[in-house]
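# Inside the fold
The chain contents come next:
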Amino acid sequence: MCGIIGYTGAEEAENIIVDALEVLEYRGYDSAGIAVCEADGGIEVRKCAGRVKDLRSLCQGKRSRGTCGIGHTRWATHGGVSDANAHPHKFENVAVVHNGIIENYRDLIRRYHLEDRLQSQTDSEVAAAVLAHFYNGDPLAAIRKAVLKLKGTFALSILFEDIPGVIFAVRNVSPIVIARAREGSMLASDVTVLGQYAKEYFVLPEFYVAVLKKEDIELYDMSGEAAAPEWLTVNWDVDRSSKGGYPFYMEKEIMEQPQVIKETIMPRIREGIPDLSADGIPDSLLLECKRICLVACGTAMHAGLVGKALMQSLVRIHMDVELASEFMYSDAIVDEETLVIAISQSGETIDTLEAVKHAKKNGARTLAVVNVRGASVARVSDYVIYTNAGPEIAVASTKAYTTQLAVLYLLIGRMAYIRGSFGEKEAREFAKELTRVPDVMQQVLDRREEIHYIARSILNARDVFMIGRGLDYSILLEGSLKLKEISYIHSEAYASGELKHGTIALITEDTPVVAVVTQSKVQSKEFSNIKEVQSRGAGVILFMKETFSLEREAVWDSIFKLPAMEDGFMVMPASAALQLLAYYVSLDKGLDVDKPRNLAKVVTVE
Ligand code: M6R
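Direction vectors running N to C along helix α10 (residues 298–315) and helix α14 (residues 399–418) enclose 20°, while the axes themselves pass 9 Å from each other. In terms of axis orientation, α10 runs roughly parallel to α14. Handedness of the crossing formed by α10 with α14: right-handed. The segment α10 lies against α14, with T299, A300, H302, A303, G304, V306, G307, L310, M311, L314 and V315 engaging Y401, Q404, L405, L408, Y409, I412, M415 and A416. Taken together, the residues of the contact of α10 with α14 break down into 14 nonpolar, five polar and no charged.

Structure, rendered in structure tokens:
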């Protein structure tokens, strides 16, 4: 949450920073601001509630010529959305942008007598004040002393008024990446933006201080010893960071799925069999575990639920799926015999990160499935498999979800093979069906106007129910999250067999019901459940595997026939259809599809 950018170099900083904030806006878009070291001395701060475009207008009135500055786009945690609470925060001669939460800010206010001296309600301004308190001309000493007083998570980018042209950075948990770029040095909260300017970057290690100058970058540990950065190659297709002619990133990212799924799958099938050796995953890891526990949040957790159903049925190993935010407080049973799989698009979701650390403390072996290379979850885990989805900018996750599923299929295929649930023939057939996914998904995407038409029937709904059983229910949990987060329609996914135990009381003729029927073993039960809601007057939109047959007398509001795959793989075409449904509802309601209210792409607060 919150996007951070900094630049010092030969060029004017303002435009570079504001352009970069536009790219980073998916991390938070409540307010934005910039602080620039002015050529004639002093730090000029401009900030406002609203989007980066509002900040741009604000800057146009009074252009800054300085070549060093920091910027921020905010997702409010402490203090409402207002000009005063926007970052940067300047306290005396220190200006700061912050991502994270300073948990002990109240104690710090008391301890340093800040009660009447703060301009905002934020914890971040308190961090600036503590830095100013310790600053007496030695920036490294001030930073060292200040961070020892801060409890919580923070990525801080700092300017000192009497050291123009230099940016300081320090962090705990919340990420900062740093690169040489644009005839100078840059830092950012993630590599998405730096990838446009640099070929190499490094992740600022926790509790190290980076000093960015026009000519070079220095790194110091907490004792003041110089350290060497660990440089990484930017592995980010910059073209995929643009909208490529689509009105919204979400549509572009939905349409990219056949390609990115192919890129995720194909290098991991060798001689017709799933093979994870190039990712450094030893078969022993998959053979020796006695159970699996998957930790993730939101969409990534939904991918985990699909993985659990297939893992248990095909590999016959016990698997739990835990909400990462609950994991540490749920006394989950993890030990040396447990393989903990953490799934995260960003690799920075703090709940997932903390869950991995907790699992490791309990002796579990950990495997991350992450999209962003070098992200924190990947770094703390013992093993990592990267999804090759490329940058996902829209807040609503689409291609990250289906590439996470692709990795889970590969894992399941490999585990079933080496643990003996699959013979060679079955392993090959499984892998072959997986390679059909991109083409089958493309068939759904090619028919997107049919789904656009169907979407119109729920445009004005207040509530939508989504029903199905087994894997269909798992698919719908994700379909329902998609609809609620970008259309603001209240939507619930329900295991349709459960309806009669209470929830059917909410079904009326004004409640559209979306049903997914793709699983042979439960299809007749699912059709019975559909009849139950139809009998209460609900209109039903049906997404059904094309090879299933319909009873002639049934009345449907709409039907979309999904191209057929083996049941276990129907998740893929069905998910594409539900993503499009949510997208078109949001689009036709005239909403900002990519930046739904109250949300941010990367959730770095607990
Ligand atoms: O980056 P992560 O995959 O860890 O993010 C997890 C969730 O925050 C994320 O999937 C969220 O639920 C999306 N907005 C869903 O579209």
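Still to come is the rest of the account.
Attention now goes to the sheet that holds strand β25 (residues 540–545). What the five strands build is an open sheet, ordered β23-β22-β24-β25-β26; its pairing is parallel. Among the strands making up the open sheet, the edge pair consists of β23 (490–495) and β26 (558–562). Averaged over all pairs of adjacent strands, the angle between their axes in this sheet comes to 15°, without regard to strand direction. Pairing geometry for strand β22 (residues 463–468) and β23, over six bridges, is parallel. Along β23, the bridge assignment pairs V464 with S491.

Here we come to the pairing of strand β20 (residues 365–370). Look at any regular strand and the pattern is simple: side chains alternate between the two faces of the sheet. The buried fraction of β20 amounts to five of the six residues, a majority that puts the element mostly inside the structure. Of the crossover connections in this fold, the one passing from strand β19 (residues 338–344) over helix α12 (residues 350–361) to the parallel β20 is right-handed. Of the strand pairs in this sheet, β20 and strand β21 (residues 383–386) are connected by four bridges, and their pairing is parallel. Bridge assignment links V370 to a residue of β21, and that residue is Y386.

With the rule as written, the count across this model stands at 32 salt bridges. Note that E354 and K357 form a salt bridge whose closest N and O atoms lie 3.5 Å from each other. In this pair, E354 and K357 both sit in helix α12, three residues apart, roughly one turn of the helix. By relative accessible area, E354 is classed as buried at 19%. One network of salt bridges, in which partners are shared, links E12, R63 and R65.

Further remarks concern the site of the ligand. In the neighbourhood of the ligand, 14 residues make up the surrounding shell, with S344, Q345, S346, T349 and E485 lying closest. S344 is positioned such that a nitrogen or oxygen atom in its side chain is 2.6 Å from an oxygen atom of the ligand. Across the complex, the protein chains shield 89% of the 410 Å² of accessible surface that the ligand would expose by itself. For the shell around the ligand, the residue count by class is five nonpolar, seven polar and two charged. When we break the shell around the ligand down by domain, the ones giving at least three residues each are domain 2 (249–437) and domain 3 (449–588).

Turning our eyes to something else, we now look at the pairing of strand β13 (residues 217–220). With four bridges joining them, strand β12 (residues 209–212) and β13 adopt antiparallel strand pairing. Of the residues in β13, the one forming a bridge with A210 is L219. Hairpin connection between β12 and β13: a loop of four residues separates the two successive antiparallel strands.

Bringing the packing of aromatic side chains into the picture now. Counted according to the given criterion, the structure contains eleven aromatic pairs. Geometrically, the ring pair formed by F160 and F168 is edge-to-face, given 5.3 Å between the ring centres and 80° between the ring planes. In terms of burial, F160 and F168 fall into one category: buried. For the pair Y409 and F569, a centre-to-centre distance of 4.6 Å together with 10° between the ring planes defines the contact as stacked. A residue pair is termed long-range when its members are at least 10 positions apart, and Y409 in helix α14 and F569 in the loop between β26 and α19 (571–588) qualify at 160 residues. The exposure classification of Y409 matches that of F569, with both residues buried. Here the basic side chain of R447 rests over the ring of F560, its NZ or CZ set 4.0 Å away from the ring centre. Sitting above the plane of the Y488 ring, R597 keeps its charged end 3.8 Å from the centroid.

A separate point is the nonpolar core. Of all hydrophobic cores here, the largest spans 98 residues; its most connected members are L286, I292, I341, Y409, V514, F543 and L581. Of the residues that make up this core, three or more belong to each of domain 2 (249–437) and domain 3 (449–588).

Glancing now at the environment of S189. Its place among the elements puts S189 in the loop between β10 (184–188) and α6 (191–194). Considered as a pair, S189 and I5 are 184 residues apart in the sequence and their alpha carbons are 6.7 Å apart. Residues contacting S189, with those up to four places away along its chain left out, are C2, G3, I4, L24, R27 and P175. Separated by 3.3 Å, the side chains of S189 and R27 make a polar contact.

All right, on to the domain arrangement of the protein chain then. Domain annotation for the protein chain reports domain 1 (3–234), domain 2 (249–437) and domain 3 (449–588). Between domain 2 and domain 3, the C-alpha centre-to-centre distance is 26 Å. Facing 26 residues of domain 2, the contacting portion of domain 3 comprises 20 residues. A per-residue breakdown of the area domain 2 buries against domain 3 is headed by H302, Y409 and E433, which together make up 23% of the total. On inspection of domain 2 and its partner domain 3, the count reaches zero salt bridges. Taken together, the links from domain 2 to domain 3 amount to nine residue pairs in polar contact (both at pLDDT 80 or more). Elements with a minimum of two residues in the side of domain 2 that touches domain 3: α7 (249–255), α8 (257–265), α10, α14 and α15 (424–446). Ranked by the residues each element gives to the side of domain 2 that touches domain 3, the list is headed by α10, at seven residues. Partitioning the side of domain 2 that touches domain 3 into residue classes produces 16 nonpolar, seven polar and three charged.

Reading the values: rules and limits
Residues numbered from 1 in each chain as written. Predicted model: local features only at pLDDT ≥ 70, side-chain atom pairs only at ≥ 80, totals over all residues. Heavy atoms only, no water. Axes fitted to C-alpha atoms, helices over the stretch in contact; angles between N-to-C directions. Helix = DSSP H or I, 4+ residues; strand = E, 2+ residues; numbered from the N terminus. Parallel < 35°, antiparallel > 145°, perpendicular 65-115°, else oblique. Left-handed = near helix turned anticlockwise from the far one by under 90°. Contact = heavy atoms within 4.5 Å. Nonpolar A, V, L, I, M, F, W, Y, C, P; charged D, E, K, R; others polar. Pairing = 2+ DSSP bridges. Buried < 20%, exposed > 50% of the residue type's maximum accessible area, 1.4 Å probe, protein only. Right-handed = clockwise from strand over helix to strand, strands pointing away. Salt bridge = Lys/Arg side-chain N within 4 Å of Asp/Glu carboxyl O. Near = heavy atom within 4 Å. Polar contact = N/O pair within 3.5 Å; in protein donor to acceptor, adjacent residues only side chain to side chain. Areas by Shrake-Rupley, 256 points an atom, 1.4 Å probe, with all protein chains shown as cover. Domains from an automatic or database assignment. Phe/Tyr/Trp six-rings, centres within 6.5 Å; stacked < 30°, edge-to-face > 60°. Lys NZ or Arg CZ within 6 Å of the ring centre and 35° of its normal. Core = buried A, V, L, I, M, F, W, Y, C linked by side-chain atoms within 4.5 Å. Buried area = accessible area lost by both parts, 1.4 Å probe.

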